[in-house]
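This is what each chain is made of:
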Amino acid sequence: MEWKLFANLKEVVGQSEVEVDVEPGATFGDALDALLEAHPELAEEVLNDDGELRDHIRVLHNGDNPFVSAAGRDTELEAGDELALFPPVSGG
């Protein structure tokens, strides 16, 4: 499964795309856990003290926020799904 990282998250890892190994039938939470296991330096950037996603971090699964349009961490993934992780974007 491939994650796309943006802005400072890309800088922390040193690349904009990260491949993680998850089993068939994996969930969004499994893929997020695999990303943070492979790149523990991201945890401080994306997780709060309770181990939950920080309020300002945005995630996408096939272009939609799985916490709004699906089952959050329990959203089931399929091969070829697009996952993205990014901080808020601002500017003008």
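First, a word on scope: everything that follows refers to the structure included in this document. A quick note: this is a predicted structure, and the numbers were derived from the prediction, not measured.

**Describing the sheet that holds strand β3 (residues 58–61)**
Whenever strands of a sheet pair, they do so through backbone hydrogen bonds, lying parallel or antiparallel.
(1) Moving on: Here 4 strands make up an open sheet; going across it, the order is β2-β1-β4-β3 and the pairing mixed. Each end of this open sheet is capped by a strand with a single partner; those strands are β2 (17–19) and β3. If you compare each strand with its neighbour and ignore which way they point, the axes differ by 20° on average.
(2) Moving on: Examined bridge by bridge, β3 and strand β4 (residues 82–86) share 4 bridges and lie antiparallel to one another.

**Comments concerning the side chain of Thr27**
(1) Moving on: With respect to the helices, strands and loops of the structure, Thr27 is situated in the loop between β2 and α2 (28–38).
(2) Moving on: For Thr27, a relative accessible area of 15% gives the class buried.
(3) Moving on: Setting aside its immediate chain neighbours within four residues, Thr27 contacts Arg73, Asp74, Thr75, Glu76 and Leu77.

**Section: the packing of aromatic side chains**
(1) Moving on: If you walk through the whole model with that rule in mind, you get 3 aromatic pairs.
(2) Moving on: Pairing Phe6 with Phe86 gives two aromatic rings, centres 6.0 Å apart and planes at 90°, and the pair type is edge-to-face. You can see Phe6 sitting in the loop between β1 (2–5) and α1 (7–13) and its partner Phe86 sitting in strand β4, a full 80 residues away along the chain.
(3) Moving on: Exposure remark for Phe6: the relative accessible area of 40% places this residue in the partly exposed category.
(4) Moving on: Aromatic side chains Phe28 and Phe67 sit 6.1 Å apart centroid to centroid with 90° between the ring planes, which places their arrangement in the edge-to-face category. In this pair, Phe28 is assigned in helix α2 and Phe67 in helix α4 (residues 66–69), connecting sequence segments 39 residues apart.
(5) Moving on: Among the aromatic residues, ring-to-ring pairing joins Trp3, Phe28 and Phe67 into one connected group.

**Examining the pairing of β1**
(1) Moving on: Only one face of β1 is buried: it carries Trp3 and Leu5, and the other face, with Glu2 and Lys4, is open.
(2) Moving on: In the sheet, β1 pairs with β2 via 3 bridges, with the strands oriented antiparallel. Within β2, the residue paired with Glu2 across the bridge is Glu19.
(3) Moving on: Relative to β4, β1 is paired through 4 bridges, and the arrangement is parallel. Paired with Trp3 across the bridge in β4 is Leu83.

**Topic: a negative patch on the surface**
(1) Moving on: On the surface, Glu2, Glu17, Glu19, Asp21 and Glu23 cluster together to form a negatively charged patch.
(2) Moving on: Mapping Glu17 onto the fold places it in strand β2.
(3) Moving on: A relative accessible area of 40% places Glu17 in the partly exposed class.

**Some details on the side chain of His61**
(1) Moving on: Looking at the element boundaries, His61 is found in strand β3.
(2) Moving on: Among the polar contacts made by the side chain of His61, one reaches the side chain of Asn62 at a distance of 3.5 Å.
(3) Moving on: Discounting chain neighbours no more than four positions away, the residues touching His61 are Phe28, Pro66, Thr75, Glu76, Leu77, Asp81, Glu82 and Leu83.

So, how was this worked out
Residues numbered from 1 in each chain as written. Predicted model: local features only at pLDDT ≥ 70, side-chain atom pairs only at ≥ 80, totals over all residues. Heavy atoms only, no water. Pairing = 2+ DSSP bridges. Helix = DSSP H or I, 4+ residues; strand = E, 2+ residues; numbered from the N terminus. Axes fitted to C-alpha atoms, helices over the stretch in contact; angles between N-to-C directions. Buried < 20%, exposed > 50% of the residue type's maximum accessible area, 1.4 Å probe, protein only. Contact = heavy atoms within 4.5 Å. Phe/Tyr/Trp six-rings, centres within 6.5 Å; stacked < 30°, edge-to-face > 60°. Patch = residues over 30% accessible without salt bridge, like charges linked within 9 Å, V, L, I, M, F, W, Y side chains within 5 Å. Areas by Shrake-Rupley, 256 points an atom, 1.4 Å probe, with all protein chains shown as cover. Salt bridge = Lys/Arg side-chain N within 4 Å of Asp/Glu carboxyl O. Lys, Arg positive; Asp, Glu negative; His and termini not counted. Charge placed at Lys NZ, Arg CZ, Asp CG, Glu CD. Polar contact = N/O pair within 3.5 Å; in protein donor to acceptor, adjacent residues only side chain to side chain.

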